[in-house]
There are 2 protein chains.
Amino acid sequence: MPVGTQATVKGITKSQLVDSGAQIILGNTYHLGLRPGKERVAELGGLHRFMNWERPILTDSGGFQIFSLAGLAKVTEEGVTFKSHLDGSMIHLRPEDSIAIQQALGSDIAMVLDHLVALPSPVEVAQEACQRSIRWAKRCKEFATRTDQALFAIVQGGLDEKLRVSCAEQLIEIGFEGYAVGGLSVGEPPQEMVRILDCTCPALPVDKPRYLMGVGRPIDLLEGIARGVDMFDCVMPTRNGRNALAFTANGPLRLRNLCHADDTRPLEDDCPCPACLHSRAYLRHLFITQEMLGPILLSIHNLTFYHRLMEKARQQIEQGTFAEFLDQQRSMLQSDDS
Amino acid sequence: MPVGTQATVKGITKSQLVDSGAQIILGNTYHLGLRPGKERVAELGGLHRFMNWERPILTDSGGFQIFSLAGLAKVTEEGVTFKSHLDGSMIHLRPEDSIAIQQALGSDIAMVLDHLVALPSPVEVAQEACQRSIRWAKRCKEFATRTDQALFAIVQGGLDEKLRVSCAEQLIEIGFEGYAVGGLSVGEPPQEMVRILDCTCPALPVDKPRYLMGVGRPIDLLEGIARGVDMFDCVMPTRNGRNALAFTANGPLRLRNLCHADDTRPLEDDCPCPACLHSRAYLRHLFITQEMLGPILLSIHNLTFYHRLMEKARQQIEQGTFAEFLDQQRSMLQSDDS
């Protein structure tokens, strides 16, 4: 899912987004709740109509942004109080408020509000936040009324395997239409993420979608798929694209580098995206001269790359050759720490 | 002609540019000569291939940028010495150098290097610059060797009617494939521009293209057409678009204004551009949240608006109703001083 924080995937028109292969996008409840506000979006016909996107939209709950962007988040059992990053005003958000916003936005998939803690945290802190998240998830489910909106729960529990499994079991007991794995890709080493997926995914129902939140690098998505994850969201293709990093099947390219100055090759020979109509030399020129078209074209290329990678993964699964494909990709998609 | 200063019309892909109705674009010799440099563009196959634009390209001579962007421009009969706006290095550019750069870029239409003076200037200053520009134009013609590149001269002469006519006559005597009217739309009142066109255009050959440089507002283009101008270039549709101003048949709209916050109408009902798939409320949201998509969509809309206006003007000319059309447009396209 490309990330469309403020009702737009940054710099990309609707038709470019469709052409990149996007089947579903993510919108941010925190941002949209602040601007233009849930009432305005609802009056304008909901988020789909507002941004002219007919395909599915998933909205997050705002939890991640409250604990990362907003200031002074203070959690009680009732909800979370935080300072708007826009004007410093104090905002109180209960799990029910998050669902109310998401219902007004009219997304196809809503996420429960959860309580995030920084990694690493003492196990008691992780445990308390986890138990509160489960109680909040239950309140979200009880509050939600839209029959055309699926509600996904979020498995938390930090890097503690027992806590993760226990959280998953309690959420399944409540019953949701999908299950997300949250609180990963927040700075921990990649092998820690894999370890938590190895213990969490077997605890999740096989007949419900699994969503790994905020992940990640191309290889991380494939490692997630190997463990049964179905859905991902990440700003990496677009944010890195804006910063002159292009993903390719042979590893990432940094387009500002001098080595591309006379390179007539496209980013990828077989890529159908509009960036690949141009030479690497031209794309570098756009970044060196700080032209908007550079970030635009690389964002489109990177989204196209991610969508094509997911398409290949689906084909490999259908052909029964995913394990070999993953091994091959582990060596080809060179590590990128950007 | 949309302005593609640095081998890109800011924020717009090639297919969006084609869809907006662009038949020809302008590239800037000054900028491209500095970055990526004429040798690099030539090695990469010329400007068309570099920016992946197969339709015609006109390149200016660099004169306007030297006298506006660069520092400390010093003119001698030989040429002009100026300070690069990028790194402060001193650059010497003769008329022959400008043609050499434009030949390396491989544009379809090259412009002669001219000597610009600020308006208002004493008539002696304007006269001297004008006579030097004519001598430089002759040197450009003698130097130019590409048979696949047309060379246009530039009529200067400030706001002095006699000087304009005399300049036109001397340039026609040398003989060029097209004639531009330069040094207008640099801050003088619109009626001054019209006065100069009224005296200059009748002095130009009827069988050669006439190009009014750097103009302008929609109504200015129509006033130019009424006086026999065939070609225009201006940053106004794209620069104003980036600054939240949308041109419409009923006058300009400033999209940041609160009055658009709940407006479900598109910018123009009958416009086929991608911005007009959205509501004014959504476009305002993009500008209020400083999203890249706002400048992108409004640039595309404004280019589409200009190209559609030119298309309408052509139809009116063919139908013999241009005079009535112009009268009507004078009242509809409300004055915009942005």
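Residues numbered from 1 in each chain as written. Chains lettered and ligands numbered in written order. Predicted model: local features only at pLDDT ≥ 70, side-chain atom pairs only at ≥ 80, totals over all residues. Heavy atoms only, no water.

Asker: Describe the sheet that holds strand β4 (residues 80-83) of chain B, listing the residues and the values that go with them.
Answerer: Residues and elements named next belong to chain B. Strands sit in the order β3-β4-β5 across an open sheet of 3 strands; the sheet is antiparallel. Edge strands, defined here as strands with exactly one partner in the open sheet, are β3 (71-75) and β5 (90-93). Sheet twist, expressed as the average angle between the axes of neighbouring strands with direction ignored, equals 15 degrees. Note that β4 and β5 share 4 bridges and pair antiparallel. When the sheet's bridge partners are listed, Phe82 is paired in β5 with Ile91. (Pairing = 2+ DSSP bridges. Helix = DSSP H or I, 4+ residues; strand = E, 2+ residues; numbered from the N terminus. Axes fitted to C-alpha atoms, helices over the stretch in contact; angles between N-to-C directions.)

Asker: Report on helix α13 (residues 293-319) of chain B, specifying residues and quantitative values.
Answerer: Residue and element names in this part refer to chain B. Compared with an ideal rise of 1.5 Å per residue, which puts 27 residues at 39 Å, α13 spans 39 Å between its outermost C-alpha atoms and is within 8% of the ideal. Counting buried residues along α13, 19 of its 27 residues qualify, which places the element largely inside the surrounding structure. Remark: Gly320 follows α13 within two positions and exhibits a positive phi of approximately 75 degrees. (Expected span 1.5 Å × (residues − 1). Buried < 20%, exposed > 50% of the residue type's maximum accessible area, 1.4 Å probe, protein only.)

Asker: I'd like a rundown of the environment of B:Arg314, residues and numbers included.
Answerer: Residue and element names in this part refer to chain B. For Arg314, the position within the fold is in helix α13. Accessibility expressed as a relative area gives 37% for Arg314, which makes it partly exposed. Separated by 89 residues in the primary sequence, Arg314 and Ile225 place their C-alpha atoms 9.4 Å from one another. A polar side-chain atom of Arg314 sits 3.1 Å from a polar atom in the side chain of Glu311. (Polar contact = N/O pair within 3.5 Å; in protein donor to acceptor, adjacent residues only side chain to side chain.)

Asker: Could you give an account of the interface of chain A and chain B, naming the residues involved and the relevant values?
Answerer: Between chain A and chain B, the residue contacts involve 36 residues of the former and 36 residues of the latter. Between chain A and chain B the total buried area reaches about 3,200 Å² when both faces are included, carbon and sulfur atoms providing 59% of it. Taken together, the connections running from chain A to chain B amount to 4 salt bridges. With a closest N to O distance of 2.8 Å, A:Asp262 and B:Arg40 form a salt bridge. At the surface where chain A touches chain B, the tally comes to 13 residue pairs in polar contact (both at pLDDT 80 or more). Looking at the side of chain A that touches chain B, the elements that each hand over two or more residues are α3 (38-43), α4 (47-51), α12 (280-288) and α13 (293-319) of chain A. (Contact = heavy atoms within 4.5 Å. Buried area = accessible area lost by both parts, 1.4 Å probe. Salt bridge = Lys/Arg side-chain N within 4 Å of Asp/Glu carboxyl O.)

Asker: I'd like to hear about helix α8 (residues 161-174) of chain B, residue by residue, with values.
Answerer: Residue and element names in this part refer to chain B. End to end, α8 covers 20 Å across 14 residues, agreeing with the expected 20 Å (1.5 Å per residue, within 8%). For α8, the full list of buried residues reads Leu163, Arg164, Cys167, Ala168, Leu171 and Ile174. What you see down the axis of α8 is that its buried residues fit within an arc of 135 degrees, all on one side. Exposed side chains of α8 directed beyond 90 degrees from the buried face belong to Lys162 and Glu173. On its buried face, α8 sits against α7 (123-143), β7 (150-155), β8 (178-181) and α9 (190-200). For α8, the N-terminal cap is Asp160; the gap from its side-chain oxygen to the backbone nitrogen of Lys162 is 3.2 Å. (Arc of directions from axis to C-beta.)

Asker: Quick one: what's the story with the relation of the copies chain A and chain B, residue by residue and with numbers?
Answerer: Aligned on chain B, chain A shows an RMSD of 0.0 Å; the corresponding rotation is 180 degrees and the shift along the axis is 0.0 Å. Expressed as a symmetry operation, the mapping of one chain copy onto the other fits a two-fold axis. When you check the interface residues of chain A against chain B, 100% turn up at the interface there too, and the contact is symmetric in its surfaces. (Least-squares fit on C-alpha atoms with pLDDT ≥ 70 in both.)

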